[in-house]
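Coordinate inspection notes
Single-letter residue listing:
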Amino acid sequence: MSKLKVIDSSGSPAGEIEVADALLETSKGASAVHDAIVNVLASARAGSASTKTKGEVAGSNKKPWRQKGTGRARAGYRQSPVWRGGGTVFGPKPRSYGKKMNRKVAKLAFRRALSEKIAAGEVIILEGLDLAEAKTKSFVEMMKKLNISGSALFVVDEFKESVKLSSRNIVGVDVIKAKDVDVYRLLRYSSVVITKAGMEVITKRLEGASEAK
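Rules used in this analysis
- Residues numbered from 1 in each chain as written.
- Predicted model: local features only at pLDDT ≥ 70, side-chain atom pairs only at ≥ 80, totals over all residues.
- Heavy atoms only, no water.
- Helix = DSSP H or I, 4+ residues; strand = E, 2+ residues; numbered from the N terminus.
- Rg over C-alpha atoms; globule rule 2.2 N^0.38 Å.
- Buried < 20%, exposed > 50% of the residue type's maximum accessible area, 1.4 Å probe, protein only.
- Contact = heavy atoms within 4.5 Å.
- Areas by Shrake-Rupley, 256 points an atom, 1.4 Å probe, with all protein chains shown as cover.
- Expected span 1.5 Å × (residues − 1).
- Pairing = 2+ DSSP bridges.
- Axes fitted to C-alpha atoms, helices over the stretch in contact; angles between N-to-C directions.
- Core = buried A, V, L, I, M, F, W, Y, C linked by side-chain atoms within 4.5 Å.

The number of helices and strands found in the protein chain is 6 helices and 6 strands. Going from the N terminus to the C terminus, the protein chain shows its helices and strands as β-β-α-α-β-α-β-α-β-α-β-α. The C-alpha atoms of the protein chain give a radius of gyration of 27 Å, which is well past the 17 Å a tight globule of 213 residues would have. Seen through its C-alpha atoms, the protein chain measures out along the principal axes to roughly 95 × 45 × 25 Å. The proportion of buried residues among the 213 residues of the protein chain is 36%. Counting contacts in the protein chain only where the partners sit at least 6 residues apart, residues at least 24 apart contribute 67% of the total. Surface exposure of the protein chain reaches about 13100 Å², of which carbon and sulfur atoms provide 49%.

Set out below in C-alpha cells:
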C-alpha cells in the first residue's frame, strides 16, 4: 500500500490517501510506455499533405500534338505525371498517422507511467483547486506555495473557469481532466499535481487497468 500525502493550496498538510500496490506497476511495461508515447505523437501529426493525381489535375483530353510526323515522342495528355504541372504518382494524401494499440497494453502503459512518477516523488495530491479570482498571479502564487518551479500538469476531475483562465498564460503549465490524461502528458511534465477528486477518477482507471492484465 502506497501512501500519498495530501496538501492544501497553501502547502499545508491535509491528510493522506492510500493507493493499493496492486494498482501500481514498476516491474514491467517499459516498452508499453514507449509504444504509447509514439502513438500519441504519431496521432498528433496533421497528415494533411495532399497532391493531385493525373485524374485530378485540370486539363482536357486533347493531345499536345499529333501522333506522327513531328519527330517528337508520343504524348497523350498534359496531365501526365511526366510533364511539369502534371499529376503526381503515389503522392501523399490526407491520412491519419495514428497507430493501433492493444487496450491492455495501453492500460499497462498508464499504470507504469503513473507508478514511475509516484516512485520518483513527482506526484502531488491537492485537497482542491479553487481560486477566488481568475488571475494568473493567483495561480503563480499557489505554485510557489506548493514549491513547484518547473513544468507542471494539473489533473482535475472537472474544469473550473477560474482555473482555466488563470493558468493558460503560464509557460510549462497545463490543466487536464483526469479522464483524459495520457501517458505522454504524465511523463512530459516534471511535476504532476492531482486534486483529491481527480485522484479518485484515476484510481478507477487503475482498477480497470489492473483487472485487464
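So, about helix H1 (residues 30-43). When the terminal C-alpha atoms of H1 are compared, their 20 Å separation across 14 residues agrees well with the 20 Å that a helix rising 1.5 Å per residue should span. Buried within H1 are the following residues: Ala-32, Val-33, Ala-36, Asn-39 and Ala-42. If you follow the buried residues of H1, they end up packed against helix H2 (103-119) and helix H5 (183-188).

Bringing the sheet that holds strand E4 (residues 152-156) into the picture now. Strand order in the open sheet formed by 6 strands is E2-E1-E3-E6-E4-E5, and the pairing between neighbours is mixed. Every interior strand has two partners, whereas the edge strands, strand E2 (13-19) and strand E5 (173-177), have only one. Neighbour to neighbour, the strand axes of the sheet diverge by 30 degrees on average, direction disregarded. Pairing analysis gives 4 bridges linking strand E3 (residues 123-126) to strand E6 (residues 191-195), with the strands arranged parallel. Residue pairing in the sheet places Ile-124 in a bridge with Val-193 of E6. Across the sheet, helix H3 (residues 136-145) touches E4 and E5, and the angle it forms with E4 is around 100 degrees.

Looking now at the nonpolar core. Ile-125, Val-155, Ile-194 and Ile-202 are the most contacted members of the largest nonpolar core, which has 30 residues in total. For this core, the element with the most residues is H2, which contributes 6 residues. Met-143, Phe-154, Val-156 and Ile-170 belong to the second-largest nonpolar core, a separate cluster that totals 18 residues.

A word on the pairing of E2. Side-chain direction in a regular strand flips from residue to residue, so the side chains alternate between the two faces of the sheet. Bridge count for strand E1 (residues 2-7) against E2 is 5 bridges, and the pairing is antiparallel. Bridging across to E2, Lys-3 finds its partner in Glu-18. In this antiparallel pair of consecutive strands, E1 and E2, the connection spans 5 residues, and Gly-11 shows a positive phi of 90 degrees.

This part is about unusual backbone geometry. Its identity is not glycine, yet Phe-90 carries a phi of approximately 55 degrees, on the positive side. Within the secondary structure layout, Phe-90 lies in the loop between H1 and H2. One non-glycine residue, Asn-147, lies in positive phi territory at about 60 degrees. Structurally, Asn-147 is set in the loop between H3 and E4.

Before going further, it helps to examine the pairing of E6. Burial within E6 is extensive, with 5 of its 5 residues counted as buried. With burial as the criterion, each face of E6 is covered, one bearing Ser-191, Val-193 and Thr-195 and the other bearing Val-192 and Ile-194.

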